[in-house]
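Spelled out, the chains give:
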Amino acid sequence: MPKNKGKGGKNRKRGKNEADDEKRELVFKEDGQEYAQVLRMLGNGRCEATCIDGTKRLCHIRGKMHKKVWIAAGDIILVGLRDYQDDKADVILKYMPDEARLLKAYGELPENTRLNEGIIDDEDDGGGDDYIEFEDEDIDKI
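So, here's what we can say about the structure. Note that this is a predicted model, so its numbers are computed, not measured.

Basis of the calculations
- Residues numbered from 1 in each chain as written.
- Predicted model: local features only at pLDDT ≥ 70, side-chain atom pairs only at ≥ 80, totals over all residues.
- Heavy atoms only, no water.
- Phe/Tyr/Trp six-rings, centres within 6.5 Å; stacked < 30°, edge-to-face > 60°.
- Helix = DSSP H or I, 4+ residues; strand = E, 2+ residues; numbered from the N terminus.
- Buried < 20%, exposed > 50% of the residue type's maximum accessible area, 1.4 Å probe, protein only.
- Pairing = 2+ DSSP bridges.

**Looking at the packing of aromatic side chains**
Right, on to step 1. The final tally for this structure, using the stated rule, is 2 aromatic pairs.
Right, on to step 2. On the basis of an interplanar angle of 50° and a centroid distance of 6.0 Å, the ring pair of Tyr35 and Tyr95 is categorised as tilted. Of this pair, Tyr35 sits in strand E1 (residues 33-43) while Tyr95 is found in the loop between strand E5 (88-94) and helix H2 (97-105), placing the two residues 60 residues apart along the sequence. Residues Tyr35 and Tyr95 agree in their burial class; the two are buried.

If you want it as C-alpha coordinates, here you go:
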(Lines give C-alpha, C1' and ligand atoms only; values in the text may rest on other atoms or scores of the structure.)
Protein backbone atom coordinates (compact mmCIF):
# COMPACT_ATOMS: atom_id res chain seq x y z
CA MET A 1 0.00 0.00 0.00
CA PRO A 2 1.65 3.31 -1.07
CA LYS A 3 1.82 6.18 1.38
CA ASN A 4 0.22 9.50 0.55
CA LYS A 5 3.08 12.00 0.47
CA GLY A 6 1.20 14.88 -1.14
CA LYS A 7 -0.54 17.84 0.44
CA GLY A 8 -4.07 16.68 -0.36
CA GLY A 9 -6.41 15.53 -3.07
CA LYS A 10 -8.59 17.10 -5.70
CA ASN A 11 -10.82 18.86 -3.14
CA ARG A 12 -7.82 20.88 -1.99
CA LYS A 13 -7.09 21.91 -5.57
CA ARG A 14 -10.74 22.81 -6.09
CA GLY A 15 -10.76 25.07 -3.03
CA LYS A 16 -7.79 27.13 -4.19
CA ASN A 17 -8.87 30.47 -5.60
CA GLU A 18 -6.14 32.43 -7.34
CA ALA A 19 -6.91 35.81 -5.69
CA ASP A 20 -10.05 36.29 -7.77
CA ASP A 21 -11.10 39.48 -6.02
CA GLU A 22 -8.03 41.58 -6.70
CA LYS A 23 -8.17 44.12 -9.53
CA ARG A 24 -6.29 43.24 -12.67
CA GLU A 25 -5.25 45.34 -15.63
CA LEU A 26 -7.82 45.58 -18.42
CA VAL A 27 -6.64 43.61 -21.46
CA PHE A 28 -7.59 44.96 -24.88
CA LYS A 29 -7.67 42.92 -28.08
CA GLU A 30 -4.66 42.75 -30.38
CA ASP A 31 -4.44 41.64 -33.99
CA GLY A 32 -5.55 38.05 -34.37
CA GLN A 33 -7.92 38.41 -31.39
CA GLU A 34 -11.60 39.34 -31.10
CA TYR A 35 -14.18 40.00 -28.40
CA ALA A 36 -17.06 37.53 -28.22
CA GLN A 37 -20.17 36.76 -26.16
CA VAL A 38 -20.86 33.17 -25.17
CA LEU A 39 -24.12 31.81 -26.58
CA ARG A 40 -24.06 28.40 -24.94
CA MET A 41 -21.73 25.92 -23.33
CA LEU A 42 -21.24 22.67 -25.23
CA GLY A 43 -19.24 20.63 -22.75
CA ASN A 44 -15.79 19.06 -23.19
CA GLY A 45 -14.14 22.47 -22.74
CA ARG A 46 -15.95 24.05 -25.67
CA CYS A 47 -18.53 26.77 -26.15
CA GLU A 48 -20.39 28.51 -28.93
CA ALA A 49 -19.84 32.25 -29.11
CA THR A 50 -20.82 35.16 -31.34
CA CYS A 51 -17.86 37.37 -32.11
CA ILE A 52 -18.21 41.14 -32.35
CA ASP A 53 -17.52 40.91 -36.10
CA GLY A 54 -20.80 38.96 -36.42
CA THR A 55 -19.37 35.46 -36.91
CA LYS A 56 -20.60 32.54 -34.80
CA ARG A 57 -17.59 30.44 -33.78
CA LEU A 58 -16.90 27.23 -31.88
CA CYS A 59 -14.49 28.20 -29.09
CA HIS A 60 -12.11 25.93 -27.20
CA ILE A 61 -11.31 26.80 -23.57
CA ARG A 62 -7.56 26.61 -23.10
CA GLY A 63 -6.10 24.25 -20.51
CA LYS A 64 -4.90 27.03 -18.18
CA MET A 65 -8.52 28.19 -17.76
CA HIS A 66 -10.17 24.76 -17.84
CA LYS A 67 -11.82 23.97 -14.43
CA LYS A 68 -10.34 27.17 -12.95
CA VAL A 69 -12.26 29.96 -14.70
CA TRP A 70 -15.95 29.18 -15.06
CA ILE A 71 -17.56 30.48 -18.23
CA ALA A 72 -21.35 30.74 -18.57
CA ALA A 73 -23.72 31.83 -21.32
CA GLY A 74 -23.73 35.59 -21.76
CA ASP A 75 -20.14 36.15 -20.60
CA ILE A 76 -17.83 38.42 -22.58
CA ILE A 77 -14.61 36.64 -23.57
CA LEU A 78 -11.49 37.38 -25.58
CA VAL A 79 -10.82 34.77 -28.27
CA GLY A 80 -7.78 34.11 -30.39
CA LEU A 81 -8.68 33.60 -34.04
CA ARG A 82 -7.12 30.74 -35.97
CA ASP A 83 -5.36 31.40 -39.25
CA TYR A 84 -6.35 28.05 -40.73
CA GLN A 85 -9.93 27.69 -39.37
CA ASP A 86 -12.22 30.71 -39.51
CA ASP A 87 -15.16 29.00 -37.76
CA LYS A 88 -13.11 28.03 -34.66
CA ALA A 89 -11.33 30.08 -32.00
CA ASP A 90 -9.57 29.69 -28.65
CA VAL A 91 -10.72 31.37 -25.43
CA ILE A 92 -7.86 33.48 -24.09
CA LEU A 93 -9.54 35.46 -21.30
CA LYS A 94 -12.89 35.83 -19.57
CA TYR A 95 -13.83 39.38 -18.61
CA MET A 96 -15.40 40.03 -15.23
CA PRO A 97 -18.73 41.95 -15.34
CA ASP A 98 -17.13 45.25 -14.32
CA GLU A 99 -14.41 44.81 -16.96
CA ALA A 100 -17.05 44.13 -19.61
CA ARG A 101 -18.86 47.36 -18.64
CA LEU A 102 -15.57 49.25 -18.95
CA LEU A 103 -14.98 47.77 -22.42
CA LYS A 104 -18.44 48.93 -23.46
CA ALA A 105 -17.77 52.40 -22.02
CA TYR A 106 -14.46 52.64 -23.91
CA GLY A 107 -16.26 51.80 -27.16
CA GLU A 108 -14.52 48.44 -27.66
CA LEU A 109 -17.87 46.61 -27.54
CA PRO A 110 -20.82 47.82 -29.63
CA GLU A 111 -23.72 49.55 -27.87
CA ASN A 112 -26.22 46.81 -28.76
CA THR A 113 -24.24 44.21 -26.76
CA ARG A 114 -26.30 43.02 -23.78
CA LEU A 115 -24.12 42.30 -20.77
CA ASN A 116 -24.84 39.75 -18.02
CA GLU A 117 -28.19 38.63 -19.40
CA GLY A 118 -27.48 34.96 -20.08
CA ILE A 119 -28.52 33.30 -23.32
CA ILE A 120 -29.62 35.65 -26.08
CA ASP A 121 -32.98 34.60 -27.59
CA ASP A 122 -33.81 35.84 -31.06
CA GLU A 123 -37.57 35.20 -30.83
CA ASP A 124 -39.73 37.05 -28.32
CA ASP A 125 -42.38 34.78 -26.81
CA GLY A 126 -44.10 37.38 -24.64
CA GLY A 127 -42.00 36.79 -21.53
CA GLY A 128 -41.32 40.49 -21.02
CA ASP A 129 -44.83 41.44 -19.87
CA ASP A 130 -44.71 39.67 -16.49
CA TYR A 131 -44.62 43.00 -14.66
CA ILE A 132 -47.95 43.87 -12.98
CA GLU A 133 -48.63 47.33 -11.64
CA PHE A 134 -51.16 47.70 -8.83
CA GLU A 135 -53.18 50.78 -8.02
CA ASP A 136 -53.62 51.96 -4.43
CA GLU A 137 -57.24 50.78 -4.41
CA ASP A 138 -56.19 47.27 -5.47
CA ILE A 139 -53.80 47.00 -2.52
CA ASP A 140 -56.54 48.05 -0.09
CA LYS A 141 -58.83 45.28 -1.36
CA ILE A 142 -56.24 42.61 -0.63
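**Topic: the pairing of strand E2 (residues 46-51)**
Right, on to step 1. Relative to E2, E1 runs antiparallel, the two being bridged by 6 bridges. Bridge pairing in E2 links Ala36 to Cys51.
Right, on to step 2. As consecutive antiparallel partners, E1 and E2 are separated by 2 residues, and within that stretch Asn44 has a phi angle of approximately 60°, a positive value.
Right, on to step 3. Between E2 and strand E3 (residues 56-61), which pair antiparallel in sequence order, lie 4 residues; one of them, Gly54, sits at a positive phi of approximately 100°.

**Let's talk about the environment of Asp31**
Right, on to step 1. Position of Asp31 relative to the elements: it lies in the loop between helix H1 (10-15) and E1.
Right, on to step 2. In this structure, the C-alpha to C-alpha distance between Asp31 and Gly80, residues 49 residues apart in sequence, is 9.0 Å.

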